[in-house]
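Understanding the architecture of this molecule
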Amino acid sequence: MIPTQTLQGVAEQLMAKAAIEIPDDYLTGIKAMAEQEEGDLSAFVLRAMLENYEAAKEDRRAMCADTGIPRWYVKYGNEAGIEGGPVALEATLRRATAKATHDVPLRPNRVHPLWRTDHNNNVGINAPEIEYSFEPEADWIELTTVHKGGLFGTDYRMLFPGDGIDGIKRFTLDTLIAFGKRGLACQPAIVGIGLGGSKDICMTLGKQAACLRTVGNRNPDPRVAELELELKDLGNKIGMGAMGFVGSSMVVDCHIEVGYTHTGGMPMSVHAFCLSSRRATARVHADGRIEYRHDPQWFTPYMRRETVEWETSRTSSAQSA
Amino acid sequence: MGDKPDKLRTVRLTTPVSAEAIAGLRLGDVVYLDGRVYTGREGVYQRVIDEGADLPVDPAEVGNVNFHCSPAAAVQDDGSFKVGAVTATASFRFAKWLERWFEVSGCKVIIGKGGMTSEAYRKYFVPNGAIYLTTVGYGTGALLGRGVKNVAAAHWLEDLGIAQALWVFDVENFGPFLVESDLQGNSLFERANAEVAKNLDALYEGLKAPALRRYGETDERKDELI
């Protein structure tokens, strides 16, 4: 049994880490872009951001005051047990969100959409979001928090099979240009693209692609991986850099996730994870060990499975018996 | 590069910022501030402009710099404030309140994210001798947080919440900001947009349009959406 007290401590740590420490993969990507950037103003912005990441770590203060809308991703090992079950886990994550909002501090961004009620703790109706995935044969639980901004840089469109790659390129360009001007998307961004699924899952996949894969990571399907690199290159050829100034720093990386979709459609979503790409993950083992890391490792082979059945050692030994 | 200023020039200003200092600024200058600044965004504007409430501060005492900001801050058990990171929110949404705001507040410098249109600068800023500074990034929350040396006051905290309250900060070497508008109403961002726009037709060339169109408010990609 994993005690909820352990999970609460881990969750509070993750909230602080996400808000304060820029992930290594993103930092490396921005440093490379800063070196290549030829636009004076865009290069100045990137240098200021690099300095800002250092200041955040030194002072242990949030890197950006728009600390986004904190949310949770839980990967539940099939063999893991949590004291109090999933209801206790959700209470723990809500408690940690509220406590970290006060302690770090984060900006209490979450308000009622109509009445603008603010509990000053980033908790409310349907907030923070908690999404789940499962891992066969694991006895651990993984917690990931993502603090993503919530106003600009995302769009959805129903495309059709005949629109093809042209349609995907156009919509990518449309979204980056629309939100890249004046830097509303806070680029250079990790661009996440959801392709297929139903409409809601299309949005979910695109957001997860942006927030839960690291810079340099490629989709295991080589043709999807090729399209990722092509769209990254396209985005960086717009001629727009940081804050929309002339330059080449728009897309740090592009990640595509696919879901089987309606035979007549090709829905697409685009998401931009910003200059404060905030995520932090921890694996909590059944024996009490805790491992922190920047890579959520969310998209496992099990997550991307295409078959009806998924073979585990248990099912395969049952078959051979 | 087309929007490259001759050279990025760094300027340090004291608040309240004088008319002479404002007149000396050029688009693309890097600015740092010392003195006092105060925050205000839609919550404050609605209350003061739409509902006619009196400003809870004396404009003469809080400097003439209005920051479109909500800090990542918390009220401590002893009633004091802990300010972590400080960044701006996108300003274009607030243009509709500015005409009255300049009258009521007498402010001369607005700091925010992303600027406003040059039309808004000409209509509201230029007649008031005011200019716009944009935050950088976005956003350099930790650097700006370092520049806040003291919270002089936090007004309407109970009613508006931490994110919308009117905060008064004493600041030192507070920045960086970029000069986005000048006294003629020119915009640094629009200058960049014009450069980027030259490339757009070539980018879309040969990409066929999707089968199903969408109702939209503009199809001209050289336009901005703000």
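Residues numbered from 1 in each chain as written. Chains lettered and ligands numbered in written order. Predicted model: local features only at pLDDT ≥ 70, side-chain atom pairs only at ≥ 80, totals over all residues.

1. Some thoughts on the overall build of chain A
Looking only at helices and strands, one finds eight helices and nine strands in chain A. Each of the three principal axes of chain A carries a C-alpha extent, and together these read 60 × 50 × 40 Å. Counting across all 321 residues of chain A, residues that qualify as buried make up 50%. (Helix = DSSP H or I, 4+ residues; strand = E, 2+ residues; numbered from the N terminus. Buried ≥ 20, exposed ≤ 12 C-beta atoms within 10 Å, placed from the backbone.)

2. Considerations on the packing of helix H2 (residues 24–36) of chain A against helix H3 (residues 40–59) of chain A
Residue and element names in this part refer to chain A. Two numbers describe how H2 lies on H3: the axes approach to 9 Å, and their chain directions differ by 150°. The handedness of the crossing between H2 and H3 comes out as left-handed. From H2, Leu27, Ile30, Lys31, Met33 and Ala34 reach across to H3, where they touch Ala43, Leu46, Arg47, Met49, Leu50 and Tyr53. (Axes fitted to C-alpha atoms, helices over the stretch in contact; angles between N-to-C directions. Left-handed = near helix turned anticlockwise from the far one by under 90°. Contact = placed C-beta atoms within 7 Å.)

3. Examining the interface of chain A and chain B
Each side of the interface is counted separately: chain A has 55 residues, and chain B has 51 residues. When contributions to the side of chain A that touches chain B are tallied by element, the ones reaching two or more residues are H3, strand E4 (155–159) and helix H5 (164–180) of chain A. It is H3(A) that contributes the most residues to the side of chain A that touches chain B, 11 residues altogether. Of the residues that constitute the side of chain A that touches chain B, the class distribution is 29 nonpolar, 11 polar and 15 charged. (Nonpolar A, V, L, I, M, F, W, Y, C, P; charged D, E, K, R; others polar.)

4. Brief notes about the sheet that holds strand E2 (residues 130–135) of chain A
Residues and elements named next belong to chain A. Reading across from one edge, E2-E1-E3-E8-E9 is the order of the five strands in this open sheet, with mixed pairing throughout. The sheet terminates laterally at E2 and strand E9 (290–293), the two strands that pair on one side only. Each strand axis lies, on average, 15° off the axis of its neighbour in the sheet, ignoring direction. Here strand E3 (residues 141–148) runs beside strand E8 (residues 278–284); their pairing, made up of seven bridges, is antiparallel. What sits directly across from Leu143, in E8, is Ala282. (Pairing = 2+ DSSP bridges.)

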